[in-house]
Amino acid sequence: MAVLRDINTVDALVDRVFSYNPESDANLLRRAYAFSNEAHYKQKRKGGEPYIEHPLAVAAILCYMRMDTNSLAAGLLHDTIEDTDTTVEDIKELFGDDIAFLVESLTKLSRMEFKTSEEAQAENFRKMLIAMAEDMRVIIIKFADRLHNMRTLEYLSPERRQKIALETLEIYAPLANRLGIGWLKSEFENLSFKFMMPEMYEQLVQKVAKKREEQEGYLDEVIKIVEAHIKAVSISAKVSGRVKHYYGIYQKMQKQKIPFEQIYDVIAIRIITDSPSNCYAILGLIHSLWTPVPGRFKDFIGAPKSNLYQSLHTTIIGPRGERVEFQIRTEEMNRVAEEGIAAHWKYKEGDHAEKLDEKYFAWLRELVRTQKETRDAKEFLEEVKGDISPGVVYVFTPEGDIVELPQDATPVDFAYSIHTIVGHQCIGAKINGKIVPLRYTLQNGDTVEIITSHGHGPSRDWLKFVQTQRAKSRIKQWLKIEERKKGLILGEELLEKALRKYNLSPSMAKSKEILDIAKSLKIQTYEDLCVAIGYGSISVHKIVRKLLPESEKIEKEKTPLKKEPQKSEEGKGIRIEGVDNIMFHRSKCCYPLPGEKVTGFVTRGRGISIHTADCPTLDTQTIDADRLVEVEWAGGDSNCSVKVQVLTEDKRGLLAELSAVLSTNNVNINHLDASTTHEKQALFNFILDVKDKRHLDDIIKKLSQINGVIEVRRVKT
């Protein structure tokens, strides 16, 4: 953006502001400049120039964005609190509450100290979003500050250049895009590209310049043809060529894995007309002149992007078989496409963010709600990075309303975009009237209907395929609540069990002595203590043993345990020593069976995981021994699943024989995978339901006796 680099005095700044806002307070801007100049008087920037040049350049960028006078004044003053002896009270007294708020908000984003750069980036981004929600001008001033810093990045060390450029590319450019500020997003990306990959950037600049020179005559020819036909139908329009920004070209090369020479739409033609109806009329005219490329037409007028971008895009096969991309929009659409949220700004003094378009704030409010629910700033940042990515898909509700979602979104994402309860209770989906898996990737134009069931809850597996930050945060929030409930129940029962083990009354669980021990571990409540025990993060035995006199500890350890049969939702024949109704599940890494020696392991939020005693997962060298608990099988008649692998000769009819043997021996086949090996052998992987280890041993023996069976073995992974 070459424009406004000529604003190097406060007088030039005032003149430019008056050109779009005659009601601006020139005296305020002059006072802000004088104050900033005096505050930064002895300071120099890395390039050696007086520091005041930076705040003046920030104000100039804000002027280009046609911001209100208070924003420009805050731009002039934005570093005074951070870098000088100036206080918030000084700014408030001299320039008023509004400007003081803006300057203080910007200062808060820069004064944080963290252990790692990743933590700092994540927490600063979280605070930036909170400040945005309170007043959108904060982020626009921050954008202007970052842009001028990027324009002067060459004066910093290579390491600092790389760090700042990467942060700009990952955070500021996508955020500018999400707020619809097209020119800013492009400049952020180009400058980041320039400093991160200087050689590649310079090569691309040269190649684009050469291609533009080669195509100049061709584009002029196409433009003249279009202009003549538009004039013939008496439509008012301006036709011009433009070069796509360098980072966008580089991205296309990387995504499609092609060299620059195979990029055919480096230069596009933009048509600006006076009404939406004329946009469609011009589109029809272009398609009547040349053949449109299938799949390359996009109507962002009928279905605007969430950042309010509107335009018609089409690619045609032009004269001599060359591809040409067209963008068709009105003057107002073009202004919104370039200025985004700033295009909606009201210039009366004191106007705030609530004056802006509601669509921006629906998105922003959702982000702010999410950051309150997500304690981990880095996790929040990763979620938002995905949410502000440019790829989108447009689908319809059964009523015909358009819903915009990220590329690769699923019906679960759609469900959560409607309402959290719809997402939680989602059990299926219909796309265009047909039932599809919840993992289905939504396509443009799909009509989505969600099937719900009251009382249903989300699955942890959903986190593997959902795309939206809203869906991820809602699922994680639900899982955390459920995990805490389960952890609380398990922790209470483990604590009572430990008290009984040491011949102490279970009523002591909520005693002052126990709570004092918890507080010594920085745990404030009985409930939090039980959750920590249930999660396995605190050893219950260490807690209870602190209640005993030293002389009793060793003797109490020898006290025999009373064991009673217990029941579980997942394993009817398991007995946990002295604990009633405790949550547990058989581990799928070893599928333990009745009759085998087993061990319990306290997991986070899922109760106790039951393993075979020789399971490799329970290698005591690598796990916390305090989380191991004694368990044993009780009597019962329920079947248990187990993995069995059968290697056979590759001949017809063997699978039928295997199935017949299993069926006659009362074995249910839960799952089967079959494949062939290079040695012309067949490999069958079964998950079978058997009564106990003796039943399994008998089945393995009978399967091994079948003609053509080479090996039968139980599988533990």
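Residues numbered from 1 in each chain as written. Predicted model: local features only at pLDDT ≥ 70, side-chain atom pairs only at ≥ 80, totals over all residues. Heavy atoms only, no water.

(A) Structural detail: the pattern of salt bridges. On inspection of all chains with the given rule, the structure shows 19 salt bridges. Notably, a salt bridge pairs lysine 485 with glutamate 482, separated by 3.3 Å at the nearest N-O pair. Highlighted residues: lysine 485 and glutamate 482, both in helix H20 (residues 469-501), separated by three residues, approximately one helical turn. When its relative accessible area of 47% is taken as the criterion, lysine 485 is described as partly exposed. The class for glutamate 482 is partly exposed, based on a relative accessible area of 23%. Taking the shortest distance from any N to any O, the salt bridge between lysine 693 and aspartate 697 comes out at 3.3 Å. Taken together, the residues span about one helical turn, with lysine 693 and aspartate 697 both in helix H26 (residues 693-704) at a distance of four residues. Residue lysine 693 is classed as partly exposed on the basis of its relative accessible area of 29%. One salt-bridge network, held together by shared partners, links Asp68, Asp98 and Arg137. (Salt bridge = Lys/Arg side-chain N within 4 Å of Asp/Glu carboxyl O. Helix = DSSP H or I, 4+ residues; strand = E, 2+ residues; numbered from the N terminus. Buried < 20%, exposed > 50% of the residue type's maximum accessible area, 1.4 Å probe, protein only.)

(B) Layout of the nonpolar core. In terms of nonpolar packing, the biggest core is built from 61 residues, with Leu72, Ile99 and Phe143 touching the most fellow members. Sort the elements by how many residues they give to this core and helix H9 (residues 137-151) lands first, with eight residues. When neighbours within four sequence positions are excluded, isoleucine 99 is seen to be in contact with Leu28, Asn70, Ala73, Ala74, Leu77 and Ile91. (Core = buried A, V, L, I, M, F, W, Y, C linked by side-chain atoms within 4.5 Å. Contact = heavy atoms within 4.5 Å.)

(C) Summary view of the environment of aspartate 98. For aspartate 98, the location among the structural elements is in helix H7 (residues 97-108). Here aspartate 98 falls in the buried class, since its relative accessible area comes to 17%. Between the C-alpha atom of aspartate 98 and that of alanine 74, which follows or precedes it by 24 residues, the distance is 9.1 Å. Side chain to side chain, aspartate 98 and asparagine 70 meet in a polar contact 2.7 Å long. (Polar contact = N/O pair within 3.5 Å; in protein donor to acceptor, adjacent residues only side chain to side chain.)

(D) Looking closely at the packing of helix H11 (residues 182-196) against helix H12 (residues 198-232). Look at H11 against H12: their axes get within 5 Å of each other, and the N-to-C directions meet at 120°. Comparing their axes, H12 and H11 come out oblique. Only Pro198, Met200, Tyr201 and Leu204 of H12 make contact with H11, whose side of the interface consists of Asn190, Phe193, Lys194, Phe195 and Met196. Class assignment for the residues of the contact of H11 with H12 results in seven nonpolar, one polar and one charged. (Axes fitted to C-alpha atoms, helices over the stretch in contact; angles between N-to-C directions. Parallel < 35°, antiparallel > 145°, perpendicular 65-115°, else oblique. Nonpolar A, V, L, I, M, F, W, Y, C, P; charged D, E, K, R; others polar.)

(E) View of the packing of aromatic side chains. Enumeration according to the criterion identifies 13 aromatic pairs in this entry. Look at phenylalanine 143 and tyrosine 172: their rings are 6.3 Å apart centre to centre, the planes differ by 70°, and that puts the pair in the edge-to-face class. Residue phenylalanine 143 is found in helix H9, and its partner tyrosine 172 is found in helix H10 (residues 158-178); the two are separated by 29 residues along the sequence. Of the two residues, phenylalanine 143 and tyrosine 172, neither departs from the other in class, the shared state being buried. A network of ring pairs unites the aromatic residues Phe193, Tyr201, Tyr246, Tyr247 and Tyr250 as a single cluster. (Phe/Tyr/Trp six-rings, centres within 6.5 Å; stacked < 30°, edge-to-face > 60°.)

(F) Region of interest: the side chain of serine 71. Topologically, serine 71 is positioned in helix H4 (residues 69-77). Note on serine 71: relative accessible area 0%, which makes it buried. Those residues in contact with serine 71, other than ones at most four positions away along the chain, are Leu62, Leu102, Arg137 and Ile141.

(G) Representation of the sheet that holds strand E17 (residues 640-649). With respect to topology, four strands assemble into an open sheet ordered E18-E19-E17-E20, the strand pairing being antiparallel. In the strand order of this sheet, the two ends are held by strand E18 (668-676) and strand E20 (709-714), each with one partner. Direction aside, the axes of adjacent strands within the sheet are offset by 20° on average. Relative to strand E19 (residues 681-690), E18 runs antiparallel, the two sharing eight bridges. Bridging from a neighbouring strand, threonine 676 pairs with alanine 682 of E19. Helix H25 (residues 654-664) contacts E17, E18, E19 and E20 of the sheet and is inclined by roughly 20° relative to E19. The strands touched by H26 within the sheet are E17, E19 and E20, with E20 carrying the most contacts at an inclination of about 165°. (Pairing = 2+ DSSP bridges.)

(H) Highlighting the sheet that holds strand E9 (residues 426-431). The sheet built from three strands is open, its strands ordered E10-E9-E11 with antiparallel pairing. Each edge of the open sheet is held by one strand with a lone partner, namely strand E10 (434-436) and strand E11 (448-452). In this sheet, adjacent strand axes meet at a mean angle of 35° when their direction is disregarded. In terms of strand pairing, E9 meets E11 through five bridges, oriented antiparallel. Considered in E11, the bridge of alanine 429 is made with isoleucine 450. Lying on the sheet, helix H18 (residues 411-418) is in contact with E9, E10 and E11; it crosses E11 at an angle near 80°.

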